[in-house]
Amino acid sequence: MVRIYRTDLTRPRGAPLAAGVTRRPNEARAVELILSVFRGAGFDDADAVRCYHSFIDLALGHSALDVAAQSLTPAARRGRPERLAGELPSTVTDTHSNIAATARHLARHMGGSPFGTSPELFPRALAQPISPNMR
């Protein structure tokens, strides 16, 4: 996941291409490797595919969002909603108690990429049983 993300950020023009299905040999090798990890970890074939799909979309989604954020002008970055997170509670404290309660955390975390927590959280999520409703 980290390798996909870092590659996309260092080659932002290629990131949208990485999100597409190419059906080329390198893509097949990557899919084969990731599926082998999930199947080797004991997931049955259907769950291995669901895990692969979640894994790859999580990595590519983070990449796409962060590549897009890098391309913003400084003026556009100042107007991003995440940057306002620290300012919102003073204006909406009565109606948005969750924002008010978490304001300092929002201000600290929402200005950057959440990618750093994904490689840690994803394996934890995999350790949980997959709900029959999600299949």
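Residues numbered from 1 in each chain as written. Predicted model: local features only at pLDDT ≥ 70, side-chain atom pairs only at ≥ 80, totals over all residues. Heavy atoms only, no water.

A. Structural detail: helix α1 (residues 2-10). For α1, the full list of buried residues reads Tyr5, Asp8 and Leu9. Projected down its long axis, α1 carries its buried residues within an arc of 95°, all on one side. Among the exposed residues of α1, those pointing more than 90 degrees away from its buried face are Arg3, Arg6 and Thr10. (Buried < 20%, exposed > 50% of the residue type's maximum accessible area, 1.4 Å probe, protein only. Helix = DSSP H or I, 4+ residues; strand = E, 2+ residues; numbered from the N terminus. Arc of directions from axis to C-beta.)

B. Region of interest: the confidence of the model for the protein. Summary statistics for the protein give a mean pLDDT of 77 and a share of 74% for residues scoring 70 or more. Mean pLDDT values over the elements of the protein span from 50, in helix α6 (residues 81-84), up to 90, in helix α3 (residues 25-40). (pLDDT = per-residue confidence, 0-100.)

C. Just the packing of α3 against helix α4 (residues 45-70), in detail. In contact at an axis separation of 9 Å, α3 and α4 are set at 125° when each is read in the N-to-C sense. Compared by their axis directions, α3 and α4 come out oblique. The handedness of the crossing between α3 and α4 comes out as right-handed. For the pair α3 and α4, contact is made by Val31, Ile34, Leu35, Phe38 and Arg39 and by Asp45, Ala48, Val49, Cys51, Tyr52, Phe55 and Ile56, respectively. Looking at side-chain class alone, the contact of α3 with α4 contains ten nonpolar, no polar and two charged residues. (Axes fitted to C-alpha atoms, helices over the stretch in contact; angles between N-to-C directions. Parallel < 35°, antiparallel > 145°, perpendicular 65-115°, else oblique. Left-handed = near helix turned anticlockwise from the far one by under 90°. Contact = heavy atoms within 4.5 Å. Nonpolar A, V, L, I, M, F, W, Y, C, P; charged D, E, K, R; others polar.)

D. Up close: the environment of Pro119. Relative to the helices and strands, Pro119 is located in helix α10 (residues 118-126). Spatially, the C-alpha atoms of Pro119 and Met1 are 6.8 Å apart, while their sequence positions differ by 118 residues. Residues in contact with Pro119, not counting those within four places in the same chain, are Met1 and Val2.

E. A look at the nonpolar core. Judged by nonpolar contacts, the single largest core of 16 residues is most densely connected at Met1, Ile34, Phe38, Phe55 and Ile56. Of all the elements in the fold, those that place two or more residues in this core are α1, α3 and α4. In terms of residue count, the dominant contributor to this core is α4 (eight residues). Discounting residues that sit within four places of it in the chain, Ile56 has contacts with Ile4 and Ile34. (Core = buried A, V, L, I, M, F, W, Y, C linked by side-chain atoms within 4.5 Å.)

F. Quick peek at the packing of α1 against α4. Contact geometry for α1 and α4: axes closest at 9 Å, N-to-C directions at 25°. When the axes of α1 and α4 are compared, the pair comes out roughly parallel. Here α1 and α4 pass one another in a crossing that is right-handed. In contact with Ile4, Tyr5, Asp8 and Leu9 of α1, α4 contributes Phe55, Ile56, Ala59, Leu60, His62, Ser63, Asp66, Val67 and Gln70.

G. Layout of the packing of aromatic side chains. Scanning the entire structure with this criterion turns up four aromatic pairs. Ring geometry for Phe38 against Phe43: centres 6.0 Å apart, planes inclined by 80°, an arrangement best described as edge-to-face. Among the residues examined, Phe43 registers a relative accessible area of 18% and is labelled buried. In this structure an aromatic cluster arises from ring pairing among Phe38, Phe43, Phe55 and Phe122. (Phe/Tyr/Trp six-rings, centres within 6.5 Å; stacked < 30°, edge-to-face > 60°.)

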